[in-house]
Structures are given as C-alpha cells and as structure tokens.
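What the coordinates show
This is what each chain is made of:
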There are 2 protein chains.
Amino acid sequence: MAVIDLCNRADFLPGQRFDIRLEVHAPVNGSEARANTTPDSNFTFTIARAGAQAQSATTYFSVAEPRLETWNFTWFEDLFAQDAGRPSLVRVAAKAYRNVVLTEPGEYTATLMYYNGSTTVANWRVRDIPPRRTAKNLVLFIGDGMTTNMITAARLIAHKMVNGRYQSTMAMDKFPVIGHQMTHSLDSFITDSANSATALYSGHKSTVNALGVYADSSRSPADDPKVESIAEIFRRVYNGGVGIVSTAFIADATPAALTAHTRDRSRYGEVVDSFLNGITNYTWTNWTGPDVLFGGGAEQFFPNRRSFQGRDYYAEFANRGYNVVLNNTALQVTDTSKKTLGIFSVSNMAKWLDRNVYTRNLFGQRNSPDGRNGSAADQPGLKEMTLKAIEILNERHGDDGFFLMSEAASIDKMMHSLDYDRALGELLELDDTVKATMEYLEELGQLEDTQIIVTADHGHGFDVMGSVDTRYLQAQNNDRRKRDAIGTYENSGLSQYTVPDRSRNDTSLVYTNGTYFPANWDPRYTLFSGLAANPDRRENYTVHKDGVRVPALNRTGLPIDDYYVNDRDGLGGFVINGTLPTTADQGVHSLTDVPVYAQGPCQDIFGGTYGNIDVFYRMAECLGLSQPGRHGNGNGNGRNQNSSS
Amino acid sequence: MAVIDLCNRADFLPGQRFDIRLEVHAPVNGSEARANTTPDSNFTFTIARAGAQAQSATTYFSVAEPRLETWNFTWFEDLFAQDAGRPSLVRVAAKAYRNVVLTEPGEYTATLMYYNGSTTVANWRVRDIPPRRTAKNLVLFIGDGMTTNMITAARLIAHKMVNGRYQSTMAMDKFPVIGHQMTHSLDSFITDSANSATALYSGHKSTVNALGVYADSSRSPADDPKVESIAEIFRRVYNGGVGIVSTAFIADATPAALTAHTRDRSRYGEVVDSFLNGITNYTWTNWTGPDVLFGGGAEQFFPNRRSFQGRDYYAEFANRGYNVVLNNTALQVTDTSKKTLGIFSVSNMAKWLDRNVYTRNLFGQRNSPDGRNGSAADQPGLKEMTLKAIEILNERHGDDGFFLMSEAASIDKMMHSLDYDRALGELLELDDTVKATMEYLEELGQLEDTQIIVTADHGHGFDVMGSVDTRYLQAQNNDRRKRDAIGTYENSGLSQYTVPDRSRNDTSLVYTNGTYFPANWDPRYTLFSGLAANPDRRENYTVHKDGVRVPALNRTGLPIDDYYVNDRDGLGGFVINGTLPTTADQGVHSLTDVPVYAQGPCQDIFGGTYGNIDVFYRMAECLGLSQPGRHGNGNGNGRNQNSSS
C-alpha cells in the first residue's frame, strides 16, 4: 500500500508546480495486517510519459534523491474498534519530491516499486489546454455552501411575484450559462470547504481539512505534498493582481486555500503568514502577497496567542507596504494605489441581517479588529469590500489584469446554525454584490474583458416546503397541534416577505431601485424551510432577531459533546429530535452538485456537468495559465518558461 | 374583485387556443366583505392590443356574448377561521368565452368594467416566437420530483469513483446545455404535479390540482377556462405523432395534463376519456388520440366504478383502432404500425428495484391489468416502454415528426414514501432510458432531428449528508447512541454501492456494458440521506426489501388522519418526530428550481434560468408551433391558419 495511490487519476495544468509524497505502508495489526511489518525503505519511483520509457523521478525532474523519512500512525477501522479503543498501527517509509512540474500534455504513468517487485501505479494526465488567454480579469464569487435550492428561496423572499411571474429576478438568474459541479472529495463523498477550495483553485481533489495539498500521514501538517493554486500561478505567469475577499475570518478555508498549503486548515496563524510570505518551509513559487486582503479574523492579526508566533500582522503587512484599514469608513477613503489589508472584526464578519435590520446586535460584541474588545459596528458588507477590491486591483493591474476571489462565507455559516433567514440574507447580499460588480466593471470599461463566475464549494441539504402561519403556531398548546400551522402545496400561498408591513416601520425596508431584499423579515406567514439533517432543535419558523441562532446546547453538565435543544431558542415552537450524532450542535454539508453561473469572454466552457477540479482548468484556460512544453522541473519563473531535464 | 386577475401577466403562444372566464365577486362576510353584496351582472369586457383601440371581446374574437352564470362559494380566511367553522361567503356573477385565440405578437390589455366604473385590468403578452421549425421530433423526459440533489445521489450509488474521479457518468451529465426552471405556481410557491405539468405543456401557470385550465370558483370542475397543450397544438398544426408514457397510473397528473382540462386532477375516469376523445363538453381542437399511451392505472380501463361511466376503455380504444397490450411480452411483439394502448398494472407500475432486485415483491399484488386480481409480474420498465413508443411513433410519423413525453413518475412517488432507494432506482432507470433513447434515435437516423429535454416538474427537499454504519446502528440500544452510526465529512467515506458483495449473490448485480445501477443495494455503509420535511418516522437507513416503504400509519383507531411512526418500518432504527402536519403520512414537494438538460437542434435556447412556462415556449419554438398573424378567432384548424375578425 502506498499513498501515491491517493494521487492516481490526478490531472495537472501544463506548467503547474507540485510536490510528490511517496509512502510505503506496513500495517501491523487490524484487518490489513501483513506478515512483513517493516515498510520497505528501498522503494524506487519512476515516471513515464505514454509511449516513452520510464525514467527515475530524480532524472525526470532533475532533482536530487529525497531523504528517507519514517514514522508510525494509528487509525480506527470502524466505530466498533473506536469504542473498544483498538487502533490499527501502520509503519511508514516515505520520501517527498518538492517543486516539480510537468509541461507536456498527455498521459503519464508514475510507478512505485517496493518489496522486491510489488508495484503501485498512478495514472496522471497533463491536460492539453491551449495557452491562449481570453479573459484579462477573472472574478470568482463563491457562495459558501450555496445550492440551487437556496437561490430559489432567496429569490422568493426578495423578488415580487404577480400571478406566478417574477417582476424582477436575481443577478445570477440573468447569467447566460449554467454548469453543475460535483463536489465530492478524494476519500469521502461529503466535502468540507478546505477540500473543495483546494479542488476549485488547484485542479486537484483533496481530503477534508486539507488546503492546497494532498494529505500525507506524517506527524507534521506542514510538510504535505503541495499543488500550486490559481492565485500562485497567475502571479507567477503574469505578475497579475490578486484579490482575496471574504466575510469569514480571513484565515478560514475558502480564502486560505489560495496561498496556504497544509492538511490542517485550523493552523490559522500560519495561514495568515502564508498570505503575506507564501510557503517558507519548502521551496515554492515566489509569492509576494495579494494586492487586496479583506475580511474578518482580527485575532490572527493583533499580537496574541492566536496570531502566528504571537506576532503583530498588522505591522508585518504594513512593513511590506500595505495600507491597513480596520473599518468601512477608512476603507472607503483608502489610497487605492496601494496594496491594502482590511480586517474588520474579530472572527466572522457581521451578517447582512444584523448590519441592515437588527442593528443593535452589532453592539456589545467585543469583536473590534484592534483587539481591544470594543464592538466592530462599522463593518463593510461583501459589496463594499468587493467594489473597493476591484478599484484597487484595476488601478494597480489595469494592464496585466487581475484575479479576485470574493466569498459570501456566511451562507454556509448560517446554514450550519440552522439560521435560514441570515443565510438567505447573505445569499441576497452576494447577488447584490454580483450585480454591483458587473455595473462597476462596465463603468471601468473592464466588463467585456472580465470572466465572472458565481459558484459554491458544496451544499447543505436545505429546501423550502411551504409556509408557516406563525400566529397559529404560537397559539397552539401542544407540539402535534403546532404542526397544523404548516401549509404545503396550495396552502403555502405566496411570499409575504416582499410586502412591507406599514404598521411596523422597523422591519419594513425600502431599497434603492434595482436592489432586492425582503421588505419584511418578520411576516405572519414565514417559510417552512429546513435541512435534511439536524441536531436536536426547536423550530418556531420566525426570524432570529437577537442575533445568530444557537439551536442546540450541551446541557449535560459534563465536559463531553452531548447536545440537546437550546431551551432559549425557537420559543413557542415545537421540538424535533435530530438525526445527526448527538455530538453535533449544528448542521452539516451535503452531497448535492452545486451550480456554476458564467458570464464573460469564455462563458461557453462552463456549461454542462463536471467536477469541481474542472472549474480550475476552465478558469486557467480563460486566463491563459497553461504553459505547455516539454517536460521539465520547476526551477524557473515567468511566462512561457519551459525547462528540459 | 374578479377572477380575470388570475390571468394577469399571462403569456400566449401565437395561435394558441384558450378560454376566458370572467368572475365578479361580492364577498358577503369576512375581512373582504363589501356593502353591496350582490355581484354586478352588468359587467363588460374589452380587449386592446397595445396602440390599438379597445374592442368588446365578442367583436374582437368574433364570438357570441356568453350567457351569464351565477353561483356562491365559501372559503376559510385562515386556520383560526377554519377551527372556528367560520367560512367566508362570496357571491359570483360570471361569463366564459370559449375557444378564442390571439395570433398577433405584442402586448394586450384585457379590461373588465363593473359596478359603474370599477375596472380590473389584465396585461397579456403574445410572445414573438418565430414559426420556423428547427426540430422534427421532441422527446420530453420528466423525472417527476427530480432535483439536482437526487441526480447527484443516484450518480454516487451507480457510478464508480477512483480517488474522487468518476470513471463513468450519467447520460444527463453528458448533455451540453443546462437550464434551471422555477416551478412555483399562480397562487402558491409550492406546486403539485398537475399545476406544473400545465405550465410545462401550455405556457400558463395554474393552481394546485388543475390540469390545462385556470381554476375558476364554479361548482363544476369541468367548465374551467382551458388553455391548449403542446400535444394538442402539435397535432392541430402538423398532425404529428404524439406519445404519452409514464410509470404512474396513466390518469395521473403528468400524463393527464397533455389532454385533460379540469381543475380537479382526481377525475381519473374523465382524464382517460380525454386521452381518447379530447374535451367533449366544450368546443375545442379536433383531438384524435395519441399514437402511444403506455403506463399503469388499469382501474380506469376495465369496466368498474373507477372507469368513466363504468365503461370498458380497453374496448373503447380498440374500437378506435388501437392495439391493446397488457404485459411486456405482448408489448415487445406488438404491431408497430398501429396506434397502441399499453396498460401494464392497476395503479402505479412496479418499481425498478422490485422488477430487478427484490422480484418477489411483484407477486401477490392483485394488480393485473385485466382487473382479475392477479399479479402484474410481466411489466415493462420505462426504457422498454419508451423505446417501443419511439419505434411506433417513428414508423407512423417518420415524415411529420413526433412529440413524446416519457415520465419517470415514481421518483416522486418514492420520495413521498421516504423510500430513497426506490426513488434513486427510478432515477437511474430514467437515465438509462435517456441513454438508450439516444442510441436508438441514432440507429433510426433521427437523433440529429430530435430535440431531447430531460427535466422535472418540482422538487422534494432531499439530500445526502454522509453515510451510516448500519451494523453499528443496529448494535446500539438507545436512540441517541444509534445516531453515532452516522458519519459526516471525512467519515462519509466512499460509496459502497458500486462494490459487489460476492458473499451475497442475490444483491450483487452485474449489468451490460454501459448500464449503471448499484452492484449492491444493501451494503453495510449506506447513505445518510433524507428529506427536509417529514411525517413521524423511524429511520434505519437500510433498503426496504419487502416493497415500498410505509413510514407512518394512523394508529389512533379513529377515523381521522393522525399519523404516527409505523412500528413495522425501519426496524432497529431510531424514531424522529416529523415537522409536517400530523395529517401527513408522507413527504411533500419543495420549492427548489429544477434542472433542464437539453441536447439537440435547439439546445442553446434552454440555457440559463427561467420559469417552467418558458419550457413550453422554448419547445414550441423548436417545433415551429407558433402561428403568428393578425388577430382572429379559433375556428380553423391546420397549419399557418390565420383568421381575422
């Protein structure tokens, strides 16, 4: 058994840098135990392009023979073994080839030989992608966890309908091309956001928690074999502008996977360091930092135990020429000619619903980005951050173009919390951002040179099944009667969210022309919506006015994760026992393919059904990032560089 | 108030026949009560094309003034009024204009004047659709209730993956164009299959339970204002072939809406009569019956209280020249030159899983199509029916082309029953049918002249969130511990359905090359899947081997609908209380947009996001069904007929 197998069926962009990890495993016990419990350390490794002779990897890539490493790891074969405390022990002999490259399109065979004649073969393919650049800029919007079901629900609460016909539609609805991407990962069919971001940015499927690497079994989470991301390639090939924007703490997986390379997404300090300094522990491309980095997560910036080595990353960025802004007011007047770091809160940024409707929730939060436990009440939204990012990127890279990733992170986070209203608010903010972005690009004269993609990284099993008469629900005095408040089919009626309630000015919102959000977040008839997997919870189907929902709590008094209904949540509603393990206090990701909306010079290649890795190859094709040529190593930088071994 | 308002914002295909119902309402009590509780019977009605003068409808359409009708109806304003038994009474004065037509593209204003100066205005649009025909044939596959989430799940259990890469994919996955259609209806955002079939076939949104009509408030469910369906138009304009195939009882909504016109889908006998005789109570197009009608629902055919007027519809069809076949053996050898009726079971047809894996469930069913209470054990699947339908249609209409609707009805029915395995089996059978259809059309030389659409009529809130170790689940002795058997994210692992279990030959299936279904329906690690809204149930996440799942039963001993967990279902699993009203014994439809897959000569017009009615207009454009011209009445038949008033 060898971990090279994880890389079987891998594809590569011509010229993309990567590492290779070889592991020879000797299981000591468990069902996979073998007679010889010492891993063969005399393994050899060859590469062959189809039709050509196999060469040793060191010859092929012109690299020195890597040093041999050995370690042990344990794992549980199943839940019975885990309950019984019976781990399986595996001994490992390993090597790692760093910073190699394949440039010649075609099929390859990578062969590991060990134990005197055993072989493990990986089939690789370098895709034949033309190097012609058709888009100068690319804006990739990621609605984290966003499904077609959620888009449908968001449209329903924000856009008016007359007799079954929408009078306005989402910006996404106007995109000419739709694709579906499959999100499953290398070793599990449900992905997390690290894993899927890696696929979207690098063209390589990975495993849960892994950022820009194939996960190995070594002790260190910082030595796993890396693959180059689209941001790194775009910078290396064109020295183009790179922007990273998210409403999450900025070290979170989706922004992180553009520059970080670790199998452990929770190393947040290192992630922030990688934004600025790239990867420093192993040779890699000459990364010089993004032009724009906007989001939350101040706890990895001001000096404290959660910042990398306790350092002050505001100072680290400033020392490297970055403007640093900590609130929306400063963001709006910042010098757009300079690289800019904008960190607007501790942890995840405020949600649209709290910034715009239930604004008192912004206060008393102890989340000011300066680390002084004030409230971060002056935060930009995704739209403000994205438009400013484009202004900066366009000013700095009007000639060489830019790549911007803008993430509506809290669609996912609020779905995890079963806070459907806030999740849909975030989705509508994303849509408003897409609309404003296209208008601004048009104003800048950049729209026709910019490929715009709106997609997601995975789903949540969310849907809407009808409406709830919340007044009737509250008036019933037992759980089975409360369920009669739910109306399905013809009793779902029409959306009440688009009708302002004149008697309650506080929740009756009016927007500028062409901007669409609910006019009333708290109607009598709400959505009967939910997830297909849940922790224990109580549902009253009413907007959570006091801030983000907390559906379940550990009320056992014990230091174990055993979650029950939060008795202060969903007042007047009815209790539903969950289906998730009782260690879960929130919802989980789901399997569903997610949509890809495309508009721009290469929109046509985004139609149909494909894997999440194919989003990378299609974006790379748009931006002309393919560098086909004869095979070579990775010791060069710059455009159309080819080296031969 | 007037029901003409229901038709506001309606679109029409140039030349499409329709009826108009006008209702003037006088609410007697309730919150809408008015002083004058007699409806104005002296109302008048005009039509004006934009820029032209309004004309009375009788002049405009060259029809006689309809007779005045009056009636009363009651309704409940909300659940409190319903509990209190306080209905609202409404008096109605009404007229109906029958079989009218608009042919000139453009905007129209229809104005109802009543109560000395009150007006209700409906804005109509006749779409400017070119009459050029680009597809000779059109095959419309409907996966009833099928969502992208389900397609994703079906792919997972049937197609092998190596390191996150599928080694084969669904036939649908290979379609070049994807669209999303919005399924909400005229007066509720959750649709049923009647309502949505009406939209897909006629280009007019309708209401729950309505087939090919706008629902009025009159007592008769057979006098509601009709709109012409794509099958009726295709037959009228080209005398083309029409095939109707479904795995449901054939009077069910999705097949029914092609020829039936009633606001009450449950009038099954009348529906079957309409297949053969068209609409007989009001003047309508000269319908002569489909070339092919295949499905279940024998109870509306052999003479009994559920057939129309107790008549023998096998004989009725035979008398009109139809071959009648009642099993798959007869279907395969039938004379393909003749019109053919194939009815293969009482009620819905057998599911793929029972026909192919748990075959003993086919016996002891009392569902033989002859009405003699034998078992319908020799049933064709969707593929066998569809291929035979195409053979017949092509033989009979090789010159003028054909329209075929083929429905995988039990995706929906099995999702209603929370029988996820059977639902996914039906979906995979649909995909296999799509694949076989394309191969057969290629063989016939018809593929490039045939537009193929695969879509759905609505969703169910289904998704997959991980896997379940069913062995561990069964071994735990309390509900909270059983939930630990569920694995999410990295613990979801890979699909076990594609790995044959050699130790159990009965469930380890082998297929012909290119055909994909699970190799093992009963693996240890199953899907952790479910719906977002449920009745009470117990889940053990294991295939239901003894036939279709029954999750909830009325165990109260009372003649009321009050459903609890079926104690014989989901043995060894854990109980979850539902969120649906306790009157529900099954799941319900959901909001989500559903996918549209298109391949063929006019595939490009099916990209992007649009309403379900737009599927009709796009299909009509493909088939050249638009008959633009100056305005006229509906008194003609045949191609390019235009009449003027």
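Rules used in this analysis
Residues numbered from 1 in each chain as written. Chains lettered and ligands numbered in written order. Predicted model: local features only at pLDDT ≥ 70, side-chain atom pairs only at ≥ 80, totals over all residues. Heavy atoms only, no water. Helix = DSSP H or I, 4+ residues; strand = E, 2+ residues; numbered from the N terminus. Buried < 20%, exposed > 50% of the residue type's maximum accessible area, 1.4 Å probe, protein only. Contact = heavy atoms within 4.5 Å. Core = buried A, V, L, I, M, F, W, Y, C linked by side-chain atoms within 4.5 Å. Disulfide = S-S within 2.5 Å. Axes fitted to C-alpha atoms, helices over the stretch in contact; angles between N-to-C directions. Parallel < 35°, antiparallel > 145°, perpendicular 65-115°, else oblique. Left-handed = near helix turned anticlockwise from the far one by under 90°. Pairing = 2+ DSSP bridges. Salt bridge = Lys/Arg side-chain N within 4 Å of Asp/Glu carboxyl O. Least-squares fit on C-alpha atoms with pLDDT ≥ 70 in both. UniProt positions renumbered as here; feature names shortened; annotations may be inferred. Polar contact = N/O pair within 3.5 Å; in protein donor to acceptor, adjacent residues only side chain to side chain. Domains from an automatic or database assignment. Buried area = accessible area lost by both parts, 1.4 Å probe. Nonpolar A, V, L, I, M, F, W, Y, C, P; charged D, E, K, R; others polar. Phe/Tyr/Trp six-rings, centres within 6.5 Å; stacked < 30°, edge-to-face > 60°.

A count of helices and strands for chain A gives 16 helices and 30 strands. Each of the three principal axes of chain A carries a C-alpha extent, and together these read 80 × 65 × 50 Å. Counting across all 645 residues of chain A, residues that qualify as buried make up 67%. Excluding contacts between residues fewer than 6 apart, the proportion of contacts in chain A whose partners are at least 24 apart in sequence is 72%.

Before going further, it helps to examine the nonpolar core. Of all hydrophobic cores here, the largest spans 173 residues; its most connected members are Leu430(A), Val454(A), Leu430(B) and Val454(B). Not counting residues up to four positions away in its chain, the partners in contact with Val454(A) are Phe141(A), Met146(A), Met172(A), Phe175(A), Leu430(A), Val434(A), Pro595(A), Val596(A) and Tyr597(A).

Residue and element names in this part refer to chain B. For the coordinates displayed, the defined rule picks out two disulfides over all chains. One disulfide in the model links Cys 602 with Cys 622; its S-S distance is 1.9 Å. Since a negative S-S torsion denotes a left-handed disulfide, the Cys 602-Cys 622 link at about 125° is right-handed. Here Cys 622 lies in helix α16 (residues 612-623) and Cys 602 lies in the loop between β28 (594-599) and β29 (608-611), a separation of 20 residues in the sequence. A residue is classified by how much of its surface remains accessible, and Cys 602, at 7% relative accessible area, is buried.

For any two helices packed against each other, one specifies the crossing angle of their axes together with the interaxial distance. Residue and element names in this part refer to chain A. Running from amino to carboxyl end, helix α11 (residues 382-396) crosses helix α13 (residues 420-443) at an angle of 25°, the nearest separation of the two axes being 9 Å. Here α11 is positioned roughly parallel relative to α13, judged by the angle of their axes. The crossing of α11 and α13 is right-handed. Facing Leu 382, Lys 383, Thr 386, Leu 387, Ile 390 and Glu 391 of α11, the residues of α13 in contact are Glu 429, Leu 430, Asp 432, Thr 433, Ala 436, Thr 437, Tyr 440 and Leu 441.

Residues and elements named next belong to chain B. Here strand β16 (residues 340-343) shows no split at all, with Thr 340 and Gly 342 on one side and Leu 341 and Ile 343 on the other all buried. Here strand β14 (residues 292-296) runs beside β16; their pairing, made up of four bridges, is parallel. For Leu 293, the partnering residue across the bridge sits in β16 and is Leu 341. Alignment of strand β15 (residues 323-325) against β16, held across three bridges, turns out to be parallel. Considered in β16, the bridge of Val 325 is made with Gly 342.

For the rest of this paragraph, the subject is the pattern of salt bridges. What the rule picks out here adds up to 90 salt bridges over all chains. Salt-bridge contacts for Asp192(A) lead to Arg265(A); the nearest nitrogen and oxygen are separated by 2.8 Å. Here Asp192(A), found in the loop between β12 (177-182) and α4 (193-202), pairs with Arg265(A), found in the loop between α6 (253-256) and α7 (268-277); they are 73 residues apart in sequence, far enough to count as distant. Of the charged contacts in the structure, one is a salt bridge between Arg524(A) and Asp78(B), with a shortest N-O distance of 2.8 Å.

Before going further, it helps to spend a moment on the sheet that holds strand β7 (residues 106-114) of chain B. Residue and element names in this part refer to chain B. Strand order in the open sheet formed by five strands is β1-β8-β7-β3-β4, and the pairing between neighbours is mixed. The open sheet is flanked by β1 (10-12) and β4 (55-56), the only strands paired with a single partner. Pairing geometry for strand β3 (residues 44-49) and β7, over six bridges, is antiparallel. Paired with Thr 44 across the strands is Met 113, a residue of β7.

At an RMSD of 0.0 Å, chain B and chain A line up after a rotation of 180° and a shift of 0.0 Å along the axis. Considering both components of the superposition, the chain copies are consistent with a two-fold axis. Distance from the rotation axis, computed per C-alpha, reaches its smallest value in chain B at Ala532(B): 2.0 Å. Interface residue correspondence from chain B to chain A reaches 99%, placing this contact among same-surface, isologous pairings.

With that settled, consider the UniProt feature "binding site: Mg(2+)" (unreviewed entry) in chain A. Residues and elements named next belong to chain A. Summarizing the sequence annotation, UniProt attributes the feature "binding site: Mg(2+)" (unreviewed entry) to Asp 144, Asp 252, Thr 254 and Glu 407 in the numbering used throughout. In summary, the annotated positions, though distributed over 264 residues, converge in three dimensions, the widest C-alpha pair being only 11.3 Å. Inspection of the secondary structure puts Asp 252 in the loop between β13 (241-249) and α6. Not counting chain neighbours up to four residues away, the residues in contact with Asp 252 comprise Arg 265 and Lys 413. With respect to the helices and strands, the residue Glu 407 is situated in strand β17 (residues 402-408).

This part takes up the UniProt feature "active site" (unreviewed entry) in chain A. All names here are of chain A. UniProt marks Ser 193 with the feature "active site" (unreviewed entry), using the numbering shown here. Within the secondary structure, Ser 193 is located in helix α4. Residues within four places of Ser 193 in sequence aside, it is in contact with Asp 144, Ala 253, Thr 254, Arg 265, Asp 457, His 458 and His 589. At 3.2 Å, the side chain of Ser 193 and the side chain of Asp 144 are in polar contact.

Quick look at the domain arrangement of chain A now. When the domains of chain A are assigned, the result is domain 1 (3-126), domain 2 (137-462 + 589-625) and domain 3 (466-576). Here domain 1 of chain A and domain 3 of chain A have C-alpha centroids that lie 51 Å from each other.

Residues and elements named next belong to chain A. Read from one edge of the open sheet, three strands run β21-β20-β22, paired in antiparallel fashion. Every other strand in the sheet has two partners, leaving β21 (486-487) and β22 (525-531) as the edge strands with one partner each. Two strands pair when backbone bridges link them, and strand β20 (residues 462-469) and β22 are joined in this way by seven bridges, in the antiparallel orientation. Residue pairing across strands places Asp 469 opposite Tyr 525, the latter belonging to β22. Here helix α3 (residues 148-158) sits on the sheet in contact with β20 and β22, set at roughly 35° to β20.

With that settled, the discussion passes to helix α4 (residues 193-202) of chain B. Residues and elements named next belong to chain B. Along α4, ten of the ten residues are buried, which leaves the element largely enclosed by surrounding structure. Three or more residues of α4 are buried, namely Ser 193, Ala 194, Asn 195, Ser 196, Ala 197, Thr 198, Ala 199, Leu 200, Tyr 201 and Ser 202. At the C-terminal side of α4, Gly 203 shows a positive phi close to 75°.

Okay, the interface of chain B and chain A next. At the interface, 108 residues of chain B touch 107 residues of chain A. For the pair chain B and chain A, the summed buried surface comes to about 8,300 Å²; carbon and sulfur atoms form 57% of the total. When the buried area of chain B at its contact with chain A is split by residue, Phe189(B), Arg480(B) and Tyr489(B) rank highest and sum to 10% of it. Taken together, chain B and chain A are joined by 14 salt bridges. For Asp562(B), the salt bridge is made with Arg480(A), and the minimal N-O distance between the two is 3.0 Å. Our count for the contact surface shared by chain B and chain A stands at 56 residue pairs in polar contact (both at pLDDT 80 or more). Among the residues making up the side of chain B that touches chain A, the classes are represented as 46 nonpolar, 36 polar and 26 charged.

Looking now at the pairing of β13(A). Residue and element names in this part refer to chain A. A large share of β13 lies buried, amounting to nine of its nine residues. The sheet contact formed by β13 and strand β14 (residues 292-296) spans four bridges and is parallel. The residue of β14 that forms the bridge with Val 245 is Phe 294.

Residue and element names in this part refer to chain A. Scanning the entire structure with this criterion turns up 44 aromatic pairs over all chains. Look at Phe 301 and Phe 317: their rings are 5.9 Å apart centre to centre, the planes differ by 50°, and that puts the pair in the tilted class. With Phe 301 in the loop between β14 and α8 (313-319) and Phe 317 in helix α8, the pair connects residues that are 16 residues apart, well separated along the chain. As far as the burial class goes, Phe 301 and Phe 317 line up, both buried.

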